[in-house]
Amino acid sequence: AQDRFAGKTILITGGAGDIGKATAHRFAGDGADVVLLDLNEPKMADVAEELKKYNVSVGTFRCDVTVCDDVAKAFTSAVEQLGRIDYVFNNAGYQGVFAKTDEYPEDDFQKVIDINVVGVFHILKAAAQHLRFSPWETPRANGGGGAIVNMASYAGVVGPPNMLAYAASKFAVIGMTQTAAKDLAPYGIRVNALSPALIGPGYMWTRQTELQAAVGSQYFDANPKVVEQQMIDSVPMRRLGSLEEVANGVAFLMSDEASYITGFNLEVTGG
Ligand code: NAD
């Protein structure tokens, strides 16, 4: 429905990226005000410009999710500017390098964990505090404590080759989702994870086919075009998922249609 999220505000981290942007369009199209957080200010400004056509309020804030203070300031500024936050899409992430376990670089492992685990924790904590103490909330009996969706990945369900840090980080996201769902249930806040597998076209799809080809493992061909086909052939539905199909999953998990769903990991994988 056109007004499904009217009167609500969604905060999206990684709001300048492919999935963040598609989700921003989905929610703004359904009437929600949108807060974007990202490191990439020019790309964030472009997304904000695109969202003008929906006639909703949009705020953009530069924020490094690995810096706790940045996150706290962004939440404060967002509430000052937009008045409220109802939904938090904890989506900023980094894929890491592609390398076999015996060659995986330590500094990149740390970087992946900093962004995908510590960053997700910072946002989860700020979101929990914020949604829990939201000044506009009336008693929770009517079920309205807001909702959080953490971006995991199918790499957090089944570890893919050559992605040691990424797999570790996304398994962690699913674990944090289960614990946070239990911790926040008393406040009426639902916390779910979403795990896409192969999504495209987009930056991460192109990057992973090129980098998997370059590793030289038994799992993938050395030609990225062949790798694309190998990956698609591993999907029962024999196609990539679209960015919109990911955004549909986020919309479902945030919506009241998912009012009795929490601590769940929704796989958006084509089978
Ligand atoms: P993307 O690279 O297009 O977007 C990621 C965004 O996160 C970028 O705009 C980047 O600037 C931002 N970001 C990175 N580090 C940050 C930091 N420290 N602080 C703030 N922002 C930061 O990638 P995407 O495909 O849109 O991915 C979004 C999420 O979806 C990620 O968590 C990713 O792991 C997950 N995911 C993607 C796919 C896929 O195929 N695209 C599949 C499964 C999961």
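Before reading further, recall that the structure is shown in the block above.
Here the structure is a predicted model, which is why all the values come from computation and not from measurement.

Another aspect to go through is the overall build of the protein chain. When helices and strands are counted, the protein chain shows eight helices and seven strands. A compact globule built from 271 residues should have a C-alpha radius of gyration of about 18 Å, and the protein chain, at 18 Å, falls within 12% of that. By principal-axis analysis of the C-alpha atoms, the protein chain measures approximately 55 × 35 × 35 Å. When the 271 residues of the protein chain are sorted by exposure, 50% land in the buried category. When the accessible surface of the protein chain is summed, it comes to about 12,400 Å², and 53% of that surface belongs to carbon and sulfur atoms. Separation of charge centres in the protein chain, based on 22 positive and 31 negative side chains, amounts to 4 Å.

In this section: the packing of helix H1 (residues 18-29) against helix H2 (residues 41-51). In a pair of packed helices, the angle between the axes and the distance between the axes together describe the arrangement. Packing of H1 against H2 brings their axes to within 10 Å, and their N-to-C directions diverge by 25°. The orientation of H1 relative to H2 falls into the category roughly parallel. As for the relative orientation of H1 and H2, their crossing is right-handed in sense. Along the contact surface, H1 presents Lys 21, Ala 24, His 25 and Ala 28, while H2 presents Val 47, Glu 50 and Leu 51. Of the residues in the contact of H1 with H2, the class split is four nonpolar, one polar and two charged.

In this section: the pattern of salt bridges. Inspection of the entire model under this criterion finds nine salt bridges. Here Lys 73 and Asp 69 are joined by a salt bridge, their closest N and O atoms 3.1 Å apart. Of the two residues, Lys 73 and Asp 69 both sit in helix H3 (residues 68-82), four residues apart, roughly one turn of that helix. Among the salt bridges present, the one from Glu 245 reaches Arg 239, with a minimum N-O distance of 2.9 Å.

Those residues of H2 lying buried are Met 44, Val 47, Ala 48 and Leu 51. Seen from one end, H2 has its buried residues packed into an arc of 100°, which puts them on one side. Against the buried residues of H2 lie H1, strand E2 (33-38) and strand E3 (58-62). Backbone nitrogen of Lys 43 and a side-chain oxygen of the N-cap are separated by 3.1 Å at the start of H2; the cap is Asn 40.

As for its placement among the helices and strands, Leu 39 is situated in the loop between E2 and H2. Its relative accessible area of 46% is what places Leu 39 among the partly exposed residues. On a C-alpha basis, the gap between Leu 39 and Phe 61 in space is 8.5 Å, while along the polypeptide they are 22 residues apart.

Moving on: the nonpolar core. Judged by nonpolar contacts, the single largest core of 40 residues is most densely connected at Leu 37, Phe 75, Val 88, Ile 148 and Val 191. Mapped onto this core, the elements with two or more residues apiece are E2, H3, helix H4 (106-132), helix H5 (164-184) and strand E6 (190-196). Among the nonpolar cores identified, the runner-up in size contains 31 residues, and Val 149, Val 246, Ala 251 and Leu 253 belong to it.

With that settled, consider the side chain of Thr 209. Counting through the fold element by element, Thr 209 comes out in helix H6 (residues 203-215). Within polar-contact distance, the side chain of Thr 209 engages the backbone oxygen of Thr 206 at 2.9 Å. The residues touching Thr 209, leaving out its near neighbours within four places in the chain, are Pro 224, Val 227, Glu 228 and Met 231.

With that settled, the discussion passes to the pairing of strand E5 (residues 147-151). Where burial is concerned, most of E5 is hidden: five out of the five residues are buried. Residue alternation in E5 divides its side chains into two sets, Ala 147, Val 149 and Met 151 and Ile 148 and Asn 150, and both sets are buried. The pairing of E5 with E6 spans five bridges and is classified as parallel. Looking at the pairing, Ala 147 lines up with Arg 190 of E6. As for the winding sense of the linkage, the β-α-β connection from E5 through H5 to E6 is right-handed.

Lining the immediate environment of the ligand, one finds 25 residues, of which Ile 19, Asp 38, Asp 64, Asn 91 and Tyr 166 sit closest. The contact in question runs from an oxygen atom of the ligand to an N or O atom on the backbone of Asp 18, over 3.0 Å. When isolated, the ligand has an accessible area of 820 Å², and the protein chains bury 92% of it. Contributions of two or more residues to the shell around the ligand are made by H1, H5 and H6.

Here the focus is the sheet that holds E5. Taken together, the seven strands give an open sheet; going across it, the order is E3-E2-E1-E4-E5-E6-E7, and neighbouring strands pair in parallel fashion. Two strands close off the open sheet at either side, each with one partner strand: E3 and strand E7 (265-268). Sheet twist, expressed as the mean angle between neighbouring strand axes with direction ignored, is 15°. Seen against the sheet, H3 touches strand E1 (9-13), E2, E3 and strand E4 (87-90) and runs at an angle of roughly 160° to E3.

Reading guide: rules and limits
- Residues numbered from 1 in each chain as written.
- Predicted model: local features only at pLDDT ≥ 70, side-chain atom pairs only at ≥ 80, totals over all residues.
- Heavy atoms only, no water.
- Helix = DSSP H or I, 4+ residues; strand = E, 2+ residues; numbered from the N terminus.
- Rg over C-alpha atoms; globule rule 2.2 N^0.38 Å.
- Buried < 20%, exposed > 50% of the residue type's maximum accessible area, 1.4 Å probe, protein only.
- Areas by Shrake-Rupley, 256 points an atom, 1.4 Å probe, with all protein chains shown as cover.
- Lys, Arg positive; Asp, Glu negative; His and termini not counted.
- Charge placed at Lys NZ, Arg CZ, Asp CG, Glu CD.
- Axes fitted to C-alpha atoms, helices over the stretch in contact; angles between N-to-C directions.
- Parallel < 35°, antiparallel > 145°, perpendicular 65-115°, else oblique.
- Left-handed = near helix turned anticlockwise from the far one by under 90°.
- Contact = heavy atoms within 4.5 Å.
- Nonpolar A, V, L, I, M, F, W, Y, C, P; charged D, E, K, R; others polar.
- Salt bridge = Lys/Arg side-chain N within 4 Å of Asp/Glu carboxyl O.
- Arc of directions from axis to C-beta.
- Polar contact = N/O pair within 3.5 Å; in protein donor to acceptor, adjacent residues only side chain to side chain.
- Core = buried A, V, L, I, M, F, W, Y, C linked by side-chain atoms within 4.5 Å.
- Pairing = 2+ DSSP bridges.
- Right-handed = clockwise from strand over helix to strand, strands pointing away.
- Near = heavy atom within 4 Å.

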